[in-house]
Amino acid sequence: MHRRSFCKSTLAVGIAAALPGCSRKAAPIDVGSTINALTGDGHELSIATTAVQELNDALQGDVLLPDDGGYDAARKVWNGMFDKRPALVAQCHSNDDVVKAVSFAQERSLLVSVKGGGHSFPGKSTCNGGIMIDLSRMYSTDVDVDNLTIRVDGGALLGHIDTAAQPYNLGTTTGIVSHTGVGGFTLGGGYGRTDRFMGLAIDNLLAANIVTANGETLRASADENPDLFWAIRGGGGNFGVATEFEFRLHPFSSTIYGGDAVFKLDAQFLRLYGELAATLPVEASIEPQISTGADGSSVVNLQLCYCGDLAVGEKVMAPVLKIAKPLSADIGAMDYSVFQTGADAYLGHGKQYYLKSGLITEIVPELAEIIVDHMGREKPVGSWMQHLGGVPASVAPDAMAYSHRNALLNLGIMVVSEDPATMDESIANARAFYQDAAPYTNGFYTNLNEDTDRKTWGNYGENYPRLVAAKDKYDPGNLFRLNANIKPSA
Ligand SMILES: Cc1cc2nc3c(=O)[nH]c(=O)nc-3n(C[C@H](O)[C@H](O)[C@H](O)COP(=O)(O)OP(=O)(O)OC[C@H]3O[C@@H](n4cnc5c(N)ncnc54)[C@H](O)[C@@H]3O)c2cc1C
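The rules behind the values
- Residues numbered from 1 in each chain as written.
- Predicted model: local features only at pLDDT ≥ 70, side-chain atom pairs only at ≥ 80, totals over all residues.
- Helix = DSSP H or I, 4+ residues; strand = E, 2+ residues; numbered from the N terminus.
- Rg over C-alpha atoms; globule rule 2.2 N^0.38 Å.
- Core = buried A, V, L, I, M, F, W, Y, C linked by C-beta atoms within 7 Å.
- Buried ≥ 20, exposed ≤ 12 C-beta atoms within 10 Å, placed from the backbone.
- Contact = placed C-beta atoms within 7 Å.
- Pairing = 2+ DSSP bridges.
- Axes fitted to C-alpha atoms, helices over the stretch in contact; angles between N-to-C directions.
- Arc of directions from axis to C-beta.
- Near = placed C-beta within 6 Å.
- Domains from an automatic or database assignment.
- Nonpolar A, V, L, I, M, F, W, Y, C, P; charged D, E, K, R; others polar.
- pLDDT = per-residue confidence, 0-100.
- Parallel < 35°, antiparallel > 145°, perpendicular 65-115°, else oblique.
- Left-handed = near helix turned anticlockwise from the far one by under 90°.

### Here we look at the overall build of the protein
A tally of helices and strands in the protein yields 17 helices and 20 strands. Taking 2.2 N^0.38 as the reference for a compact globule, 490 residues should give roughly 23 Å; the C-alpha atoms of the protein span a radius of gyration of 23 Å, in line with that estimate. A principal-axis box enclosing the C-alpha atoms of the protein has dimensions of 70 × 55 × 50 Å.

### Side note on the nonpolar core
Core analysis: the biggest nonpolar cluster contains 127 residues, and A90, V112, I131, I133 and I232 have the highest contact counts within it. Every residue in contact with I131, bar those within four places of it in the chain, is listed here: P86, A87, L88, A90, A101, A105, L110 and V112.

### So, the environment of G61
Mapped onto the elements of the fold, G61 is located in the loop between α3 (49-58) and β3 (62-64). Linking G61 and K84, residues 23 residues apart in sequence, is a C-alpha distance of 22 Å. Once residues within four sequence positions are removed from consideration, G61 is found in contact with A90, Q91, C92, H93, D97 and R137.

### Quick look at the sheet that holds β3
Ordered by their spatial adjacency, 4 strands build an open sheet running β3-β4-β6-β5, and the pairing between neighbours is mixed. Every other strand in the sheet has two partners, leaving β3 and β5 (112-115) as the edge strands with one partner each. Going from strand to strand, the sheet's axes swing by 20 degrees on average, the running direction of each strand aside. Bridge count between β3 and strand β4 (residues 88-91): 3 bridges; the pairing is antiparallel. If you follow D62 over to β4, its bridge partner there is Q91. With respect to the sheet, helix α5 (residues 95-108) is in contact with β4, β5 and β6 (131-134), its orientation differing from that of β6 by roughly 165 degrees.

### Thoughts on helix α14 (residues 365-375)
Of the positions making up α14, those classed as buried are L367, A368, I370, I371, H374 and M375. Burial along α14 is one-sided: seen end-on, the buried residues are contained in an arc of 160 degrees. Relative to its buried face, α14 has exposed residues pointing more than 90 degrees away, namely P365 and E366. Turning to α14, the residues buried within the fold contact α11 (267-279), β15 (284-292), β16 (298-306), β18 (352-360), β19 (382-387) and α15 (423-437).

### Structural notes on the site of the ligand
With respect to spatial proximity, 38 residues lie near the ligand, and among them G116, G117, G181, G183 and G184 are the closest. Among the elements that make up the shell around the ligand, the one with the highest residue count is helix α7 (residues 182-188) (5 residues).

### Re the domain arrangement of the protein
Annotation of the protein at the domain level lists domain 1 (3-134), domain 2 (141-251 + 452-474) and domain 3 (257-448). On the side of domain 2, 18 residues touch domain 1, which itself brings 13 residues to the contact. At 6 residues, the largest contribution of residues to the side of domain 1 that touches domain 2 is made by α5. Looking at the side of domain 1 that touches domain 2, its residues break down into 5 nonpolar, 8 polar and no charged.

### Considering the sheet that holds strand β12 (residues 241-248)
The strand order across the open sheet built from 5 strands is β7-β8-β12-β10-β11, with neighbouring strands paired in antiparallel fashion. Lying at the two open borders of the sheet, with one neighbouring strand each, are β7 (141-144) and β11 (217-221). Each strand axis lies, on average, 15 degrees off the axis of its neighbour in the sheet, ignoring direction. The pairing of strand β10 (residues 205-211) with β11 spans 5 bridges and is classified as antiparallel. Bridge assignment links I210 to a residue of β11, and that residue is L218. Most of the contacts of α5 go to β10, to which it runs at about 45 degrees, and overall it touches β10, β11 and β12.

### Thoughts on the confidence of the model for the protein
On average, residues of the protein score 92 in pLDDT, and 93% of them reach the 70 mark or higher. Confidence drops under a pLDDT of 50 for residues 1-26, and excluding neighbours within four residues, the segment shows 23 contacts in the predicted structure.

### Quick word on the environment of N410
Structurally, N410 can be placed in strand β20 (residues 409-417). By C-beta crowding, N410 is classed as buried, having 23 other C-beta atoms within 10 Å. The spacing of N410 and H387 is 23 residues in sequence and 6.8 Å in space, taken between C-alpha atoms. Each residue touching N410, except ones within four places of it in the same chain, is listed here: Y191, S357, L359, M385, Q386, L388 and Y445.

### What to know about the environment of S221
Tracing the backbone shows S221 in strand β11. Sequence separation between S221 and A207 is 14 residues; the distance between their C-alpha atoms is 4.4 Å. Discounting residues that sit within four places of it in the chain, S221 has contacts with L206, A207 and F229.

### As for the pairing of β4
Judged by which residues are buried, β4 turns out to be covered on both faces: L88 and A90 on one side and V89 and Q91 on the other are all buried. Here β4 pairs with β6 via 4 bridges, running parallel. When the bridges of β6 are listed, L88 appears paired with I131.

### Some points on the pairing of strand β1 (residues 34-38)
In this structure, β1 lies alongside strand β2 (residues 44-48), joined through 5 bridges in antiparallel fashion. Bridging from a neighbouring strand, A37 pairs with L45 of β2.

### Quick word on the packing of α11 against α14
At a closest axis distance of 8 Å, the pairing of α11 and α14 adopts a crossing angle of 130 degrees. By the criterion of interaxial angle, the relationship of α11 to α14 is oblique. Between α11 and α14 lies a crossing whose hand is right-handed. Facing A267, L270 and R271 of α11, the residues of α14 in contact are P365, A368, E369, I371 and V372. Residues belonging to the contact of α11 with α14 are distributed by class as follows: 6 nonpolar, no polar and 2 charged.

And the structure:
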């Protein structure tokens with residue numbers, strides 16, 4: 001018997017439980033009854049369990065219901081603030097599975113959440129009462145060394161790309177935490193330490209396979225469905241489920257020149273940092289993480305990363321160490337993967353997280369003072385910046401949905417806690433910090449969006465009408481609404 005069908009046989013569940021890698025139901029679906037669910041508009045819905053069983057039988061993967069083993073693990077997302085219970089989870093193993101899960105949802109107007117890496121700060125990849133389309137089993141990658149491309153499944157994590165490409169001395173832009181999902185990361189833009197010379201993830205995206213609301217699989221590229229290709233590069237998961245991405249790879253040595261230098265925080269340091277960030281060559285990225293040191297004073301841990309010749313890197317980074325006298329510095333040749341996984345544990349799964357972000361073109365004195373003021377308060381939240389500019393800034397703002405091409409830095413204001421009881425106060429502090437900083441920002445990164453309709457349309461600026469046109473064409477019923485939502489016009 002084929003092993004997978006053996007695993008899925010309800011008669012065989014007891015035996016299958018002993019087989020590693022078999023996902024199975026804790027109990028056979030009780031066909032002949034119904035399960036309660038919600039439509040996208042929030043109306044109650046009964047789904048016949050026979051239909052659920054049929055979906056389960058049709059999938060290569062599994063459908064998990066609340067009583068099933070594996071349901072609780074599958075429904076979990078990274079941010080512990082969101083503990084939601086989908087009516088069912090479709091654990092997809094292939095594009096075909098995604099087509100079936102999407103069609104199942106579309107036929108019933110079922111609320112849909114799509115889980116890639118599950119790292120949405122506002123918890124958009126889970127839902128109460130809907131179907132979670134879980135892509136976490138779809139994480140394979142294929143490097144094409146001759147054509148300098150990598151094919152990546154829609155549920156892969158950023159670490160899968162780095163580990164697949166680096167043995168060939170190749171790379172493409174990924175973010176700073178390896179367990180973040182490629183799906184959400186890419187569809188919103190994709191910032192990382194290499195974006196200043198490689199471009200954002202969307203600048204390297206050559207094509208994607210998208211399962212749209214009507215269950216069709218469309219190839220989106222410069223030549224095929226170019227309007228869809230334009231929209232998915234910054235428009236998030238609004239237009240369908242991306243089951244596969246193809247990215248351009250760049251020659252890339254995984255030994256970089258970089259490390260950490262710790263400085264005392266003051267407004268002058270931030271201003272000089274901002275000036276240097278605007279003038280460094282594109283191979284250099286300098287990103288501050290601002291926190292409270294052991295003695296209660298505010299410190300900046302500046303992460304330096306130069307991708308290229310190590311001796312050149314040393315020269316390029318020398319002025320950084322002259323901004324102020326470092327309290328400590330650990331800089332030299334290092335493995336890029338150390339950087340790329342260094343924050344994995346601190347930003348681990350299941351803690352409570354809250355984030356505000358704003359894009360800035362320069363650190364004006366007023367903004368520097370605001371940051372110092374808020375970091376010096378009795379219960380400060382953390383803040384950090386991602387270094388942009390370079391190649392991303394050379395792309396026209398209307399070349400794709402993502403429009404924030406003039407940003408030099410992305411300012412993040414973040415709460416991390418293991419104690420839910422502290423969150424209300426910390427969130428209020430983060431909001432107060434953001435409110436003061438907001439006048440010096442120009443839009444925000446959609447991937448870090450708390451999302452209200454007004455903010456979403458305002459943030460896309462002149463690109464918004466074109467996004468609505470794509471939404472009208474590919475998802476007129478707004479099946480894919482758990483994202484920074486582009487509302488269809490009807
Ligand atoms: C710890 C951490 C570090 C981060 N670091 C960076 C960084 O360095 N650079 C950066 O640019 N961003 C970074 N981010 C932000 C990150 O890009 C977003 O949180 C992104 O949405 C995560 O994608 P995901 O697939 O893990 O999330 P999910 O929660 O699975 O999905 C997020 C959104 O995208 C949709 N989605 C996900 N996959 C697909 C798919 N295959 N098809 C269609 N829709 C999909 C979901 O439905 C949801 O709306 C970070 C986030 C975290 C939590």
